[in-house]
Amino acid sequence: MRKLLLMAVCFFAVVSIYAATRKDLKVWSQSMNKDIPVVVIIPDKISSESPCPVIYLLHGHGGNQDSWPGIKPNLGEIADRNGIIFVSPNGENSWYWDSPVNDKFRYETFISDELIKYIDKTFYTIDSSKGRAITGLSMGGHGAMWNGLRHSDVFGACGSTSGGVDIRPFPDNWNMKDYLGNESENQKRWDDYTVINLVDGLEDGKQAIIFDCGVDDFFRDVNINLHKKLLEKKIKHDYIERPGSHNSEYWNNSIDFQIMFFKKFFDKK
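Residues numbered from 1 in each chain as written. Predicted model: local features only at pLDDT ≥ 70, side-chain atom pairs only at ≥ 80, totals over all residues. Heavy atoms only, no water.

**With respect to the packing of aromatic side chains**
The description of an aromatic ring pair rests on the distance of the ring centres and on the angle between the ring planes.
Consideration 1: Following the criterion strictly, the structure yields 16 aromatic pairs and no others.
Consideration 2: Summarising the aromatic geometry, the rings of Trp97 and Tyr193 are spaced 6.1 Å apart at their centres and angled 80° between planes, so their arrangement reads as edge-to-face. With a gap of 96 residues between them, Trp97 in the loop between strand 4 (85-89) and helix 4 (107-122) and Tyr193 in the loop between helix 7 (187-192) and strand 7 (208-214) connect regions that are remote in the sequence.
Consideration 3: Grouping aromatic residues by their ring pairs yields a cluster made of Trp95, Trp97, Trp146, Phe170, Trp174, Tyr193, Phe218 and Phe219.
Consideration 4: The side chain of Arg242 reaches across the aromatic face of Phe257, ending 4.5 Å from its centre. (Phe/Tyr/Trp six-rings, centres within 6.5 Å; stacked < 30°, edge-to-face > 60°. Helix = DSSP H or I, 4+ residues; strand = E, 2+ residues; numbered from the N terminus. Lys NZ or Arg CZ within 6 Å of the ring centre and 35° of its normal.)

In structure tokens:
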């Protein structure tokens, strides 16, 4: 009996260590005139006296707001341990642009403005760029860097894991031409809407930047090229290559290192 009681006490202690809350929300987008599904993971210890930083996690092509919670089921534990809120919105297959050809897809406005304002209004957050980071996988890696680098006043840190950080080698893939038009007829637009070409306008030290890619990933070359261009422009960043391919096993591991990177950035505030 005493042994059973001890086991019950231990079980309760383990369960009570991590008490993060998952909220499934619908966030209204004025720019798109519709509700956007969003998953928010909130750490247990959060209050007006101890507001939390936020990491925005963007999914890949074919994914949705449940992609990151599915890839990283222990996000709640990580949220509690580090005092971080995680926000995972549905971005459809939009590449997180404000599409210049389809005004029903304004996901840059949603991610970098409407969602930010909703999260800061609804939860106890550090409502400044010092308390915000954004990252994502594949299409979401491009989206995170696109939004992050273009809105350094909103996101103090940005990242990408296995990101399509240069879209131009893949003109017929993943619905991109639905939002930009055909590459052959709109070359300047494709040049303007790819992450790697944002480097020329960056200011060193303006943001904390991290990105990674698996050595067997089809996006490896474009990530290496981004790394080289950042080096040429003397923009500080962390770039990591590790064994792995374009899959959930890789992202489950890679996101841990990015969270550590962002936590270090948050701790400097």
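**Structural notes on the pairing of strand 7**
Consideration 1: Of all seven residues making up strand 7, seven are buried, and the element is well covered by its neighbours.
Consideration 2: In strand 7, alternate side chains face the same way, and those of Ala208, Ile210, Asp212 and Gly214 on one face and Ile209, Phe211 and Cys213 on the other are all buried.
Consideration 3: For strand 6 (residues 157-161) and strand 7, the ladder comprises five bridges, and the chain directions are parallel. Across the sheet, residue Ala157 finds its bridge partner in strand 7, namely Ala208.
Consideration 4: Across five bridges, the pairing between strand 7 and strand 8 (residues 238-242) is parallel. Of the residues in strand 8, the one forming a bridge with Phe211 is Tyr239. (Buried < 20%, exposed > 50% of the residue type's maximum accessible area, 1.4 Å probe, protein only. Pairing = 2+ DSSP bridges.)

**Brief notes about the pattern of salt bridges**
Consideration 1: Under the defined criterion, the tally for this structure stands at 18 salt bridges.
Consideration 2: Among the ionic pairs, Arg150 bridges to Glu108, the shortest N-O distance being 2.9 Å. Linking Arg150 in helix 5 (residues 139-150) with Glu108 in helix 4, this pair joins segments that are 42 residues apart in sequence.
Consideration 3: Judged by relative accessible area, which is 42%, Arg150 ranks as partly exposed.
Consideration 4: Several salt bridges converge on common partners, so that one network encompasses Arg22, Asp24 and Asp66. (Salt bridge = Lys/Arg side-chain N within 4 Å of Asp/Glu carboxyl O.)

**Some words on helix 8 (residues 220-232)**
Consideration 1: An ideal rise of 1.5 Å per residue puts 18 Å on 13 residues; helix 8 measures up with 18 Å between its terminal C-alpha atoms.
Consideration 2: Buried within helix 8 are the following residues: Val222, Asn223, Ile224, Leu226, Lys229 and Leu230.
Consideration 3: Summarising the contacts, the buried residues of helix 8 are in contact with helix 5, strand 7 and strand 8.
Consideration 4: Phi turns positive, to about 60°, at Lys234, one or two residues after helix 8. (Expected span 1.5 Å × (residues − 1). Contact = heavy atoms within 4.5 Å.)

**As for the pairing of strand 6**
Consideration 1: For strand 6, a buried count of five out of five residues is recorded, marking the element as mostly surrounded by other parts of the structure.
Consideration 2: The alternating pattern of strand 6 places Ala157, Gly159 and Thr161 on one face and Cys158 and Ser160 on the opposite face, and all of these are buried.
Consideration 3: Pairing analysis gives two bridges linking strand 5 (residues 132-136) to strand 6, with the strands arranged parallel. Looking at strand 6, one finds that Ile134 is bridged to Cys158.

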